[in-house]
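One-letter residues, chain by chain:
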Amino acid sequence: MLWTFGALWGILCTMAEGRKLISQNRKALFDYAVEDRIECGVALEGTEVKSVKAGNVSFADSFALIENGEVWLQHFHVAEYVYSSVFNHNPDRKKKLLLHKDEIKRLARKVEEKGFTLVPLDCYLKGGRVKITLGVCKGKKLYDKRAGIRERDMQRDMAREFRAGLQG
């Protein structure tokens, strides 16, 4: 197997931080402009933890709400653990995010502004615990999305020309 420098660097960085990426919400990064990021823990049940560690999570249209001074993650689907008995969890229940009170107040002030929402960006393991990066995001307009696609295409073309120039 041929390893590229970028792949090796990514592995080394995640190993140095003690962080294992489980999944990323790529749709959120395309649909939203991320203003701020915050790491938070998740209150999960026993079989949910096993299912998350197996990578059986889905970010489809998930978001977070602040209710009564607590942050709740909605539509974050954790599939049932296949090796469990009848004592399995509800895959669509809302999950409580673990944050300090001052962090919740800061997020509440941001979300009260027009157009901001809380979106989970990625899910990972850190020190054996499940963590989620929550982003304070603002929705992109269609022309912003097109500009992002155009910029990505230009980067890909430049990299292709650079590789062609190196090979001769």
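Residue positions within a chain follow its written sequence, with the count starting from 1. At least 70 in pLDDT is required for a residue's local features to be given in this predicted model, at least 80 for side-chain atom pairs to be given and counted, and no such filter applies to totals for whole chains, interfaces and linings, which use all residues. Side-chain numbers here rest on the full set of heavy atoms in the structure, without hydrogens or water.

S.K.: Even after reading the chapter, I still don't get the overall build of the protein chain, so can you show me in this structure?
M.R.: Under the scheme used here, helices are H or I runs from DSSP no shorter than 4 residues and strands are E runs no shorter than 2 residues, and both carry numbers assigned from the N terminus. On a plain count of helices and strands, the protein chain comes out with five helices and nine strands. Along its sequence from the N terminus, the protein chain presents helices and strands in the succession α-β-α-β-α-β-β-β-β-β-α-β-β-α. Two residues form a contact once any of their heavy atoms are found within 4.5 Å. Long-range contacts, defined here as pairs at least 24 residues apart, represent 66% of the contacts in the protein chain between residues at least 6 apart. To be clear on the numbers: accessible area is Shrake-Rupley with a 1.4 Å probe, and residue cover counts the displayed protein chains and nothing else. By element, 54% of the accessible surface of the protein chain is carried by carbon and sulfur atoms, the whole surface being about 11400 Å².

S.K.: Looking at this structure, how should I read the pairing of strand β2 (residues 32-43)?
M.R.: In the case of a regular strand, side chains alternate between the two sheet surfaces. Note on pairing: DSSP must find at least two bridges between two strands before they are called paired. When β2 meets strand β9 (residues 129-139), the two strands line up antiparallel, connected through nine bridges. Its bridge partner being in β9, V34 is matched across the sheet by C137. Bridge count for β2 against strand β7 (residues 95-98) is three bridges, and the pairing is antiparallel. In the sheet register, G41 faces β7, and the bridge partner there is L98.

S.K.: Hey, could you run me through the pattern of salt bridges in this one?
M.R.: Oppositely charged side chains are able to pair whenever their charged atoms sit close together. By definition here, a salt bridge exists when the distance from a side-chain nitrogen of Lys or Arg to a carboxyl oxygen of Asp or Glu is within 4 Å. Counted by the stated rule, this structure contains 11 salt bridges. E70 is the partner of K96 in a salt bridge, and the nearest nitrogen-oxygen pair spans 3.2 Å. One end of the pair, K96, is in strand β7; the other, E70, is in strand β5 (residues 70-74), with 26 residues separating them in the sequence. Given a relative accessible area of 29%, K96 falls into the partly exposed group. Overall, E70 belongs to the partly exposed group, its relative accessible area being 28%. Salt bridges sharing common partners tie together E45, E48, R93 and K95. The classification of residues rests on relative accessible area computed with a 1.4 Å probe and restricted to protein chains. Under 20% of the type maximum is buried, over 50% is exposed, and intermediate values are partly exposed.

S.K.: In this structure, what is going on with the packing of aromatic side chains? I would like to understand it.
M.R.: Two descriptors summarise a pair of aromatic rings, namely the distance from one centre to the other and the angle between the planes of the rings. Each aromatic pair joins two rings of Phe, Tyr and Trp (for Trp, the six-membered one) with centres within 6.5 Å, and gets the label stacked for planes under 30 degrees apart, edge-to-face for over 60, and tilted for any other angle. Throughout the structure, instances matching the rule amount to one aromatic pair. Across the ring face of Y124, the terminal group of R19 is positioned such that the distance to the ring centre comes to 3.9 Å. Any Lys NZ or Arg CZ found within 6 Å of a ring centre and within 35 degrees of that ring's normal is scored as a charge over the ring. Above the ring of W72, the side-chain terminus of K94 is found at 4.9 Å from the ring centroid.

S.K.: So what exactly am I meant to see when it comes to the pairing of β9 here?
M.R.: Across 10 bridges, strand β8 (residues 116-126) lies against β9 in antiparallel orientation. For Y124, the partnering residue across the bridge sits in β9 and is K131. Linking β8 back to β9 in an antiparallel pair, the connection comprises two residues, with G127 at a positive phi of about 65°.

S.K.: Before we go on, may I ask you to explain the environment of F63 in this structure?
M.R.: In this fold, F63 is placed in strand β4 (residues 63-67). The class for F63 is partly exposed, based on a relative accessible area of 26%. In this structure, the C-alpha to C-alpha distance between F63 and V119, residues 56 residues apart in sequence, is 4.6 Å. Apart from residues lying up to four places away in sequence, F63 is in contact with W72, L73, Q74, H75, L118 and P120.

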